[in-house]
Amino acid sequence: MFCFQCQEAAKGTGCTIQGVCGKTSEVANLQDLLLYTLKGISIYAIQGRELGLTDLATERFIAESMFATITNANFDREGFIVRVREGIALRNQWKSRLDGTEATIPLGAHDAALWTPGTDAELEAKAANIGVLSTGDEDIRSLRELLTYGLKGMAAYMEHAAVLGYHEDSVHVFMEKGLAATLDNDLGVAELIALVMECGKFGVDVMALLDRANTTTYGNPEITKVNIGVGSRPGILISGHDLLDMEELLKQTEGTGVDVYTHSEMLPGHYYPAFKKYDHLVGNYGNAWWKQTEEFASFNGPILMTTNCIVPPKDSYVDRLYTTGHTGYPGVKHIPAGADGAKDFSALVEQAKRCAAPTEIETGEIIGGFAHAAVIGLADQVVDAVKTGAIKQFFVMAGCDGRMKSRDYYTDFASELPEDTVILTAGCAKYKYNKLELGSIGGIPRVLDAGQCNDSYSLVVIAMKLKEVFGLEDINELPISYNIAWYEQKAVIVLLALLHLGVKNIHLGPTLPAFLSPNVAKVLVDNFGISGIGSVEEDMKQFMAVV
Ligand code: SF4
Ligand code: SF3
């Protein structure tokens, strides 16, 4: 195996024996093979489109499969073998549809377009040979992988929109184009950089699509206080990012005597008007994903993982853990969608009734729901605060949390920010500082949580609005600094989206991606002013000097 797609890549270069995330070598290779299969499908699907042939099932298969390969989503070897075989069947269907038409297939002679799987052992042998390191040139490899990881993040957000019935064809077209491009030896550094930038454009589009899907279906997030304590009834804990699963679970638990709690990236579920009507949605239990091994144990009831981030489970709660959607873990029960897309969570409800109520680990409340509509509703207050100097600077500290000790930087940074600054956040990065007593400025809390990582889009909408209100030419003239924490591939698409929107001087930590070769990193530094992080003190000086 060789995997360097996330921030925890072993030794800062790549995992080679087993993932730091717990992914086995077999699963890592099979994920590579699944990607390779999707590239093979894309080679044909692109040409199919030229003839007016499209297929929603292919588009969904590609996006779902990409989603399954993001960090901490799916660890299920058997499931990946099944998916590779399904993918080859789909690719061959496309091939037959195009045989005898006038379509020319530019990469039709590529092995990805032609190979045939034999036994599982042969398939696994193949999987070991088509991975990241099969691209020899380190800059081409770096750009191909940067593009691939952007596409993976994009796929995750596409899927969230798709389950709510929202699609955008142009994003699928780009996904196929991007996947096939990573096989094309005629594309050099300049062409691949252009594709990476184009990926950022579609990143903005897909986050806008998902924002529309979420807000049309569930309403605009509202400023909300969320209980972090517990009640006395047994509960089900829901984690991940899938709001449709959240809705179904809330409906199916209503009147059963079982409460629902959110974990990690599901916290923003509380902010949506559609979920507020459920009295048994009691609160948020715990913190970011990496604390789950302790927090799932003390929760005492069933836990539903709707998406990443899964940590290999402990014996103390594995029999209470369930996966759904594109997540999976060997030996963990999976709740599939029925033919009509509906899911049956009754097994969790029945199990919850036999469980103790959650053990209290915290008490109090946190506040969130500062997505674009809520903040724009406060625009006058915010603009006044900026004009009077009560708010001197905003810090976008969105992104991911993780278990590395070096991420304490973000807690320290937030604590040491001057009192006339406001943090804009989204994603699980918030757990590094959302329970600190940072106070408020004229009634505006100093940590404004827009929601999940995809709601970073909201922060951009807010920035655009401020730019308009202040009559500025360039988003970079705003008193907004970017100190972003990343971990997995959704953060990659968020980053590419920000670059597409022209945001400069983003600080990215706790380490720069292992998949950036020195030359590719230099392109990002020279053109966008991207930098890593240093000490809190030095970074603070640098940030405050900009204003
Ligand atoms: Fe390593 Fe991250 Fe890949 Fe897991 S996802 S194998 S931790 S680089
Ligand atoms: Fe977190 Fe996994 Fe990225 Fe959605 S849950 S932000 S790390």
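For clarity, every value in this text was computed on a predicted model and none was experimentally measured. Each chain has its residues counted from 1, running along the sequence as written. For naming, the first written chain is A and the first written ligand is 1, with later ones following in the order written. pLDDT decides what is reported in this predicted model: residues at 70 or higher carry local features, side-chain atom pairs at 80 or more are listed and counted, and totals for whole chains, interfaces and linings draw on all residues regardless. Excluded from the side-chain calculations are hydrogens and water; all other atoms, namely the structure's heavy atoms, are used.

This part takes up unusual backbone geometry. Cis rather than trans, the peptide bond between Asn 308 and Cys 309 has omega equal to 15 degrees. Relative to the assigned elements, Cys 309 resides in the loop between strand S5 (303-305) and helix H12 (315-318). Notably, Lys 11 is not glycine yet its phi reads approximately 55 degrees, a positive angle. Structurally, Lys 11 is set in the segment before helix H1 (25-50). With a phi close to 50 degrees, Ser 264 is a non-glycine residue in the positive phi region. Examined against the element boundaries, Ser 264 turns out to sit in the loop between strand S3 (259-262) and helix H10 (273-276). Burial classes follow relative accessibility: with a 1.4 Å probe on protein chains only, a residue under 20% of its type's maximum area counts as buried, one over 50% as exposed, and anything between as partly exposed. Take Ser 264: its relative accessible area is 2%, and that puts it in the buried class. Put simply, DSSP marks the helices as runs of H or I at least four residues long and the strands as runs of E at least two long, and each gets a number from the N terminus on.

Another point: the pairing of S3. Neither face of S3 is left uncovered, since the one carrying Asp 259 and Tyr 261 and the one carrying Val 260 and Thr 262 both have all their residues buried. Pairing between strands is defined by DSSP: at least two bridges between the two strands are required. Where strand S2 (residues 235-239) lies against S3, four bridges are found, and the strand directions are parallel. Note that in S3 the partner of Leu 237 across the bridge is Tyr 261. Taken together, S2, helix H9 (residues 243-253) and S3 constitute a β-α-β crossover, and its handedness is right-handed. The crossover handedness rule: strands pointing away from the viewer, path from first strand over the helix to second strand clockwise, crossover right-handed.

Moving on to the site of ligand 2. The immediate surroundings of ligand 2 are formed by His 241, Glu 265, Trp 289, Asn 308, Cys 309, Gly 399, Cys 400, Cys 428, Cys 453, Tyr 487 and Glu 488. Looking at which domains feed residues into the shell around ligand 2, each of domain 2 (224-353) and domain 3 (378-545) supplies at least three. We call a residue near a molecule or strand whenever a single non-hydrogen atom of that residue lies within 4 Å of it. Where each domain starts and ends comes from a domain assignment, either automatic or drawn from a database.

Annotation of the protein at the domain level lists domain 1 (10-217), domain 2 (224-353) and domain 3 (378-545). The C-alpha-based centres of domain 1 and domain 2 are spaced at 29 Å. Contact with domain 1, which involves 18 residues of that partner, is made by 16 residues of domain 2. Approximately 1,400 Å² of surface area, both sides summed, lies buried where domain 1 meets domain 2, with 60% of it carried by carbon and sulfur atoms. Buried area adds together the accessible area that both of two parts lose upon being put together, with accessible area traced by a 1.4 Å probe. Contact with domain 2 buries surface across domain 1, with Asn 72, Phe 75 and His 160 losing the most and accounting together for 34% of the total. Salt bridges, as used here, are contacts in which a Lys or Arg side-chain nitrogen is within 4 Å of a carboxyl oxygen on Asp or Glu. For the pair domain 1 and domain 2, the number of links is zero salt bridges. In protein, a polar contact requires one atom able to donate a hydrogen and another able to accept it; more generally it is a pair of N or O atoms within 3.5 Å, and residues adjacent in sequence count only if both atoms are side-chain atoms. Where domain 1 packs against domain 2, one counts five residue pairs in polar contact (both at pLDDT 80 or more). Every element with two or more residues in the side of domain 1 that touches domain 2 is listed here: helix H2 (56-68) and helix H6 (138-163). Residues that form the side of domain 1 that touches domain 2 fall into these classes: eight nonpolar, six polar and four charged. Contacts were defined at the residue level, with two residues in contact if any of their heavy atoms lie within 4.5 Å. Amino acid classes used here: Ala, Val, Leu, Ile, Met, Phe, Trp, Tyr, Cys and Pro are nonpolar; Asp, Glu, Lys and Arg are charged; the rest, including Gly, are polar.

In strand S9 (residues 393-396), alternate side chains face the same way, and those of Gln 393 and Phe 395 on one face and Phe 394 and Val 396 on the other are all buried. Bridging between S9 and strand S10 (residues 421-425) involves four bridges; their strand directions are parallel. Considered in S10, the bridge of Phe 394 is made with Val 422. As paired strands, S9 and strand S14 (residues 480-485) are joined by three bridges and run parallel to one another. The residue of S14 that forms the bridge with Phe 394 is Ile 480.

For the rest of this paragraph, the subject is the site of ligand 1. Every residue near ligand 1 is listed here: Met 1, Cys 3, Phe 4, Gln 5, Cys 6, Ala 9, Cys 15, Gly 19, Val 20, Cys 21, Lys 23 and Thr 71. Of the residues assigned to the shell around ligand 1, the class counts are eight nonpolar, three polar and one charged.

Here we come to the packing of helix H8 (residues 189-218) against helix H18 (residues 489-500). Running from N to C, H8 and H18 point in directions that differ by 100 degrees, and their axes come no closer than 7 Å. If you check the angle between H8 and H18, you find them roughly perpendicular. Two secondary-structure elements touch here, H8 through Val 196, Met 197, Cys 199, Gly 200, Lys 201, Gly 203, Val 204 and Met 207 and H18 through Ile 493, Val 494, Leu 496, Ala 497, Leu 499 and His 500. Of the residues assigned to the contact of H8 with H18, the class counts are ten nonpolar, three polar and one charged. Every axis corresponds to a line fitted to the C-alpha atoms, with the helix fit spanning only the stretch in contact, and the corresponding angles, defined between N-to-C directions, vary from 0 to 180 degrees. Just so you know how the angles are binned, under 35 degrees is roughly parallel, over 145 roughly antiparallel, 65 to 115 roughly perpendicular, and the rest oblique.

Burial within H9 is extensive, with eight of its eleven residues counted as buried. Here H9 has its buried residues at Leu 243, Asp 245, Met 246, Glu 247, Glu 248, Leu 249, Leu 250 and Thr 253. The N-capping residue of H9, defined by a side-chain oxygen 2.9 Å from the backbone nitrogen of Leu 244, is Asp 242. At the exit of H9 stands Gly 255, carrying a positive phi of roughly 75 degrees.

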